Amino acid sequence: MVKNNQVYRKVLYALFTAIIIVQNFVPFLGYIPIGPLNLTIIHVTVIIAALTLGPSGGAIVGGIWGGITFVRAFVWPTSPLAAIVFVNPLVSVLPRILIGVVAGYVFRWLTHKMKQQYLALGIAGLLGSLTNTFLVLGQIYLFYNGHSQALYQIDTKAMMPYLLGVIATNGIPEAIIAAIAAPLIAKPLMGRVRKG
């Protein structure tokens, strides 16, 4: 039984990795372009991995996405901004890893606090998504505030309102998508695997 569980976990890692790769390279499966930015849906895959395989599994799958994001910033950026901001691994890799960590641990904690599992899954998905949004945009502000004219063709004083606008137009819809989709997909997978 333990061996079957280990094999199943390995299959899920391979499946999530394949999905992340496809979402990164097939248009509109992982990024939906909206102007100079992209509405991201890849984070849902990372959250599902975290809910299914635990925080460490989510961190691994998130790290795979972060690594791909980092490499793509040099060779095939997803947007004009990606070539500037995602060459920094603190912006491209770290937030993606922390999606899985936050979603996984929030779900574990909530399962001890509430009986409604779908609600716990939804909240974990929402917070995992917001982790990515706030860390990426927060670090863009932290590291690139002085370069805002080159980045956004706006003045330095307008960078904070611009980033808040991105949270409203991209971050909130991404979080809602994660809160709805992650429980629907993760719940059937969770019954087959024990989290390590």
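Residues numbered from 1 in each chain as written. Predicted model: local features only at pLDDT ≥ 70, side-chain atom pairs only at ≥ 80, totals over all residues. Heavy atoms only, no water.

## A look at the nonpolar core
Turning to step 1, where the next piece is worked out: Counting residues in hydrophobic clusters, the biggest one holds 30 residues, and the most contacted among them are Phe-16, Ile-20, Ile-47, Leu-51, Val-61, Trp-65 and Phe-107.
Turning to step 2, where the next piece is worked out: The element best represented in this core is helix H2 (residues 42-53), accounting for 9 residues.
Turning to step 3, where the next piece is worked out: Excluding residues that lie within four positions of it along the chain, Val-61 makes contacts with Tyr-13, Phe-16, Ile-20, Val-46 and Ala-49.
Turning to step 4, where the next piece is worked out: If you look at the next biggest cluster of nonpolar residues, it comprises 12 residues, including Ile-140, Leu-163, Val-166 and Ile-167. (Core = buried A, V, L, I, M, F, W, Y, C linked by side-chain atoms within 4.5 Å. Buried < 20%, exposed > 50% of the residue type's maximum accessible area, 1.4 Å probe, protein only. Helix = DSSP H or I, 4+ residues; strand = E, 2+ residues; numbered from the N terminus. Contact = heavy atoms within 4.5 Å.)

## What to know about the packing of aromatic side chains
Each aromatic ring pair is described using two quantities: the centre-to-centre distance and the angle formed by the ring planes.
Turning to step 1, where the next piece is worked out: Following the criterion strictly, the structure yields 2 aromatic pairs and no others.
Turning to step 2, where the next piece is worked out: Pairing Phe-25 with Trp-76 gives two aromatic rings, centres 5.8 Å apart and planes at 20°, and the pair type is stacked. Residue Phe-25 is located in helix H1 (residues 2-25), and its partner Trp-76 is located in the loop between helix H3 (55-75) and helix H4 (82-85); the two are separated by 51 residues in the primary sequence.
Turning to step 3, where the next piece is worked out: Here Phe-70 and Phe-74 contribute two aromatic rings whose centre-to-centre distance is 5.2 Å and whose plane-to-plane angle is 80°, an arrangement assigned as edge-to-face. You can see Phe-70 and its partner Phe-74 sitting in helix H3, 4 residues apart, about one turn around the helix.
Turning to step 4, where the next piece is worked out: Exposure remark for Phe-74: the relative accessible area of 53% places this residue in the exposed category.
Turning to step 5, where the next piece is worked out: A cation over a ring is seen here: Arg-72 above Trp-76, with NZ or CZ 4.3 Å from the ring centre. (Phe/Tyr/Trp six-rings, centres within 6.5 Å; stacked < 30°, edge-to-face > 60°. Lys NZ or Arg CZ within 6 Å of the ring centre and 35° of its normal.)

## Observations regarding a nonpolar patch on the surface
Turning to step 1, where the next piece is worked out: The grouping of Ile-21, Phe-25, Val-71, Phe-74, Val-75 and Trp-76 at the surface amounts to a nonpolar patch, some 610 Å² of accessible area in total.
Turning to step 2, where the next piece is worked out: When residues of the nonpolar patch are traced back to their parent elements, those giving at least two are H1 and H3.
Turning to step 3, where the next piece is worked out: Element by element, the count of residues in the nonpolar patch is highest for H3, at 3 residues.
Turning to step 4, where the next piece is worked out: Turning to its location among the elements, Val-71 is positioned in helix H3.
Turning to step 5, where the next piece is worked out: Given a relative accessible area of 47%, Val-71 falls into the partly exposed group. (Patch = residues over 30% accessible without salt bridge, like charges linked within 9 Å, V, L, I, M, F, W, Y side chains within 5 Å. Areas by Shrake-Rupley, 256 points an atom, 1.4 Å probe, with all protein chains shown as cover. Salt bridge = Lys/Arg side-chain N within 4 Å of Asp/Glu carboxyl O.)

## Thoughts on the packing of H2 against helix H7 (residues 117-144)
Turning to step 1, where the next piece is worked out: Orientation of H2 relative to H7, taken along the N-to-C sense of each, is 130°, at an axis distance of 10 Å. One finds that H2 runs oblique with respect to H7. Crossing handedness for the pair H2 and H7: right-handed. Each of His-43, Ile-47 and Leu-51 in H2 lies in contact with H7, whose residues at this interface are Leu-121, Ala-124, Gly-125, Gly-128 and Ser-129.
Turning to step 2, where the next piece is worked out: Grouping the amino acids of the contact of H2 with H7 by side-chain chemistry returns 4 nonpolar, 4 polar and no charged. (Axes fitted to C-alpha atoms, helices over the stretch in contact; angles between N-to-C directions. Parallel < 35°, antiparallel > 145°, perpendicular 65-115°, else oblique. Left-handed = near helix turned anticlockwise from the far one by under 90°. Nonpolar A, V, L, I, M, F, W, Y, C, P; charged D, E, K, R; others polar.)

## Some remarks on the UniProt feature "transmembrane region" (unreviewed entry) in the protein
Turning to step 1, where the next piece is worked out: Following the UniProt record, one finds the feature "transmembrane region" (unreviewed entry) at residues 12-34, 40-62, 93-111, 118-142 and 162-186.
Turning to step 2, where the next piece is worked out: Its end C-alpha atoms 34 Å apart, residues 162-186 is made of 100% helix and 0% strand. (UniProt positions renumbered as here; feature names shortened; annotations may be inferred.)

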